[in-house]
Amino acid sequence: MRILVVDDEPHLTDILYKSLKEEGYSVDVTRNGMDGYEYAKTGVYDVIILDIMLPGMDGIEVLKNLRNIGINTPVLMLTAKDATEDKVNGLDSGADDYLTKPFELSELLARVRALLRRESENKSPILKVGDLELNTLTHQVKRAGREITLTSKEYAMLEYLMRNANRVLSRSQIADHVWDYEFDGLSNIIDVYIRYLRKKIDDDFPVKLIHTVRGSGYCLKGS
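If you're wondering where the values come from, they're calculated on a predicted model, not measured in any experiment.

**Let's talk about the pairing of strand E11 (residues 217-220)**
In this sheet, E11 lies alongside strand E10 (residues 210-213) in antiparallel orientation, the contact comprising 4 bridges. In the sheet register, His 211 faces E11, and the bridge partner there is Cys 219. Connecting E10 to the next strand, E11, in antiparallel fashion are 3 residues, including Gly 215 with a positive phi near 80°.

**Details of the sheet that holds strand E8 (residues 141-143)**
Working definition: the strands of a sheet are paired by backbone hydrogen bonds and lie parallel or antiparallel to each other. Here we have 4 strands laid out as an open sheet, ordered E6-E7-E8-E9, and antiparallel in their pairing. Among the strands making up the open sheet, the edge pair consists of strand E6 (126-129) and strand E9 (146-148). Sheet twist, expressed as the average angle between the axes of neighbouring strands with direction ignored, equals 25°. The pairing of E6 with strand E7 (residues 132-135) spans 4 bridges and is antiparallel.

**Structural notes on the packing of helix H2 (residues 33-42) against helix H3 (residues 59-68)**
Their axes nearest at 10 Å, the elements H2 and H3 cross at an angle of 25°. The pairing of H2 with H3 is recorded here as roughly parallel in orientation. The element H2 and its partner H3 pack so that their crossing is right-handed. Contacts between H2 and H3 involve Gly 33, Tyr 37, Ala 40 and Lys 41 from the former and Val 62, Asn 65 and Leu 66 from the latter. Here the contact of H2 with H3 is built from residues that sort into 4 nonpolar, 2 polar and 1 charged.

**What about the environment of Ile 194?**
Here Ile 194 shows up in helix H8 (residues 189-201). When sequence neighbours within four positions are dropped, the list of residues in contact with Ile 194 reads Met 157, Leu 161, Ile 210 and Tyr 218.

**So, the pattern of salt bridges**
For the coordinates displayed, the defined rule picks out 16 salt bridges. Close ionic contact of Lys 128 with Glu 133 constitutes a salt bridge, the shortest N to O distance being 3.8 Å. For Lys 128, a relative accessible area of 55% gives the class exposed. Connected through shared salt-bridge partners, Asp 7, Glu 9, Asp 51 and Lys 101 make up one network.

**Some remarks on the nonpolar core**
Ile 49, Leu 108, Met 157, Leu 158 and Ile 174 are the most contacted members of the largest nonpolar core, which has 47 residues in total. Looking at this core, the element that brings in the most residues is helix H6 (residues 152-163), giving 7 residues. Looking at which domains feed residues into this core, each of domain 1 (2-120) and domain 2 (126-220) gives three or more. Setting aside anything within four residues of it in sequence, one finds Leu 158 in contact with Leu 132, Leu 134, Val 141, Leu 150, Leu 197, Ile 201 and Leu 220. Core analysis: the second largest hydrophobic core is formed by 19 residues, Leu 50, Val 62, Leu 63 and Tyr 98 among them.

**Brief notes about H3**
Among the residues of H3, those classed as buried are Gly 59, Ile 60, Val 62, Leu 63, Leu 66 and Arg 67. Axial view of H3: buried residues confined to an arc of 160°, hence all on one face. The inward-facing, buried residues of H3 abut H2, strand E3 (47-51), strand E4 (75-79) and helix H4 (84-92). Among the residues of H3, the N-terminal cap falls to Asp 58, whose side-chain oxygen and the backbone nitrogen of Ile 60 are separated by 3.0 Å. Following H3 by one or two positions, Gly 70 adopts a phi angle in the positive range, close to 85°.

**Focus: unusual backbone geometry**
Excluding glycine, residues mostly have negative phi values, and the peptide bonds linking residues are mostly trans. Omega for the bond connecting Lys 101 with Pro 102 falls within 30 degrees of zero, at -10°, which places this linkage in the cis form. Positive phi, normally seen in glycine, also occurs at His 139, with a value near 65°. The topology assignment puts His 139 in the loop between E7 and E8. With relative accessibility at 25%, the residue His 139 sits in the partly exposed group. The residue Ala 144 is not glycine, and still its phi comes out positive at about 55°. You can see Ala 144 is positioned in the loop between E8 and E9. The class for Ala 144 is exposed, based on a relative accessible area of 53%.

**Observations concerning the sheet that holds strand E1 (residues 2-6)**
Spatially, 5 strands are ordered E2-E1-E3-E4-E5 in an open sheet, and the strand pairing comes out parallel. Taken across any chain shown, the strands that pair with only one partner, and hence form the sheet edges, are strand E2 (26-30) and strand E5 (97-100). If you compare each strand with its neighbour and ignore which way they point, the axes differ by 15° on average. Here E1 pairs with E3 via 4 bridges, running parallel. Residue pairing for E3: Leu 4 is matched across the bridge by Ile 48.

Conventions used here
- Every residue gets a number counted from 1 within its own chain, in the order that chain's sequence is written.
- Per-residue local features of the predicted model are confined to residues with pLDDT of at least 70, and side-chain atom pairs are confined, for both listing and counting, to 80 or more; whole-chain, interface and lining totals are unaffected and use all residues.
- To obtain the side-chain values, all non-hydrogen atoms of the structure were included, while hydrogens and water were left out.
- Any two strands between which DSSP finds at least two bridges are classified as paired.
- Only DSSP runs of H or I reaching four residues or more are called helices, and only runs of E reaching two or more are called strands; each is numbered from the N terminus.
- Between N-to-C directions, angles span 0 to 180 degrees; the directions come from axes that are lines fitted to C-alpha atoms, helices contributing only their stretch in contact.
- Throughout, the term roughly parallel applies to angles under 35 degrees, roughly antiparallel to angles over 145, roughly perpendicular to angles from 65 to 115, and oblique to all others.
- Crossing handedness follows the turn of the near helix against the far one: under a right angle anticlockwise gives a left-handed crossing, and clockwise gives a right-handed one.
- Throughout, a residue-residue contact means that at least one pair of heavy atoms, one from each residue, lies within 4.5 Å.
- Side-chain classes follow a simple rule in which Ala, Val, Leu, Ile, Met, Phe, Trp, Tyr, Cys and Pro form the nonpolar group, Asp, Glu, Lys and Arg form the charged group, and the remainder, Gly included, forms the polar group.
- Take a side-chain nitrogen of Lys or Arg and a carboxyl oxygen of Asp or Glu: if they are within 4 Å of each other, that pair is a salt bridge.
- Burial here depends on accessible area, computed with a 1.4 Å probe over protein chains only, as a share of the maximum for the residue type. Under 20% is buried, over 50% is exposed, and the range in between is partly exposed.
- Nonpolar cores were defined as sets of buried Ala, Val, Leu, Ile, Met, Phe, Trp, Tyr and Cys residues, with membership established by side-chain atoms within 4.5 Å.
- Note: domain ranges come from an automatic or database domain assignment.
- What the arc measures is the spread of directions leading from the helix axis to the C-beta atoms.
- In protein, a polar contact requires one atom able to donate a hydrogen and another able to accept it; more generally it is a pair of N or O atoms within 3.5 Å, and residues adjacent in sequence count only if both atoms are side-chain atoms.

Next up, the structure:
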């Protein structure tokens, strides 16, 4: 899943970038409102973490502009302000959640997971497709009770496929949600990682979960 962080504090963005990457997310970072707006407008993100106090264009303006052009990506707003009116202003502008600085990293990660669940048909932290299970809290993956070890990128791709089970996903959709802004879309990396996943979650089982839809992309389904 792909996340955009818009905050002008280098130390904080470095921490968020490393922590979110460790959780298996693809992460882009910008440090001013104008760039944040352009990234959010032109990229495909599953969650946006947006500070209110930004140079160039403040977070409230960024958010209002995004909502005005029909971008409904879930937004978690960050701010050093804790006055009730600031929270109300942020939520009324279209924010989905609000976190006041300083905050515990574990709480931010929990709120990100909650926003992802809110957008998904599956509200449980455990995703299931057939006999395949993925725990978004522990990152543990099992098939038919057997634990499967994945790299961070394999995990990210599998999570995206499972959140969109029974849907045909194009290579560009997978790239948009699993890789960051610097991804080279001309490479065959999507097909390579699909092969990696098939080897780990399909090869040793009679029922295959990952299906190729010729000319369209891939689909993960349990039957």
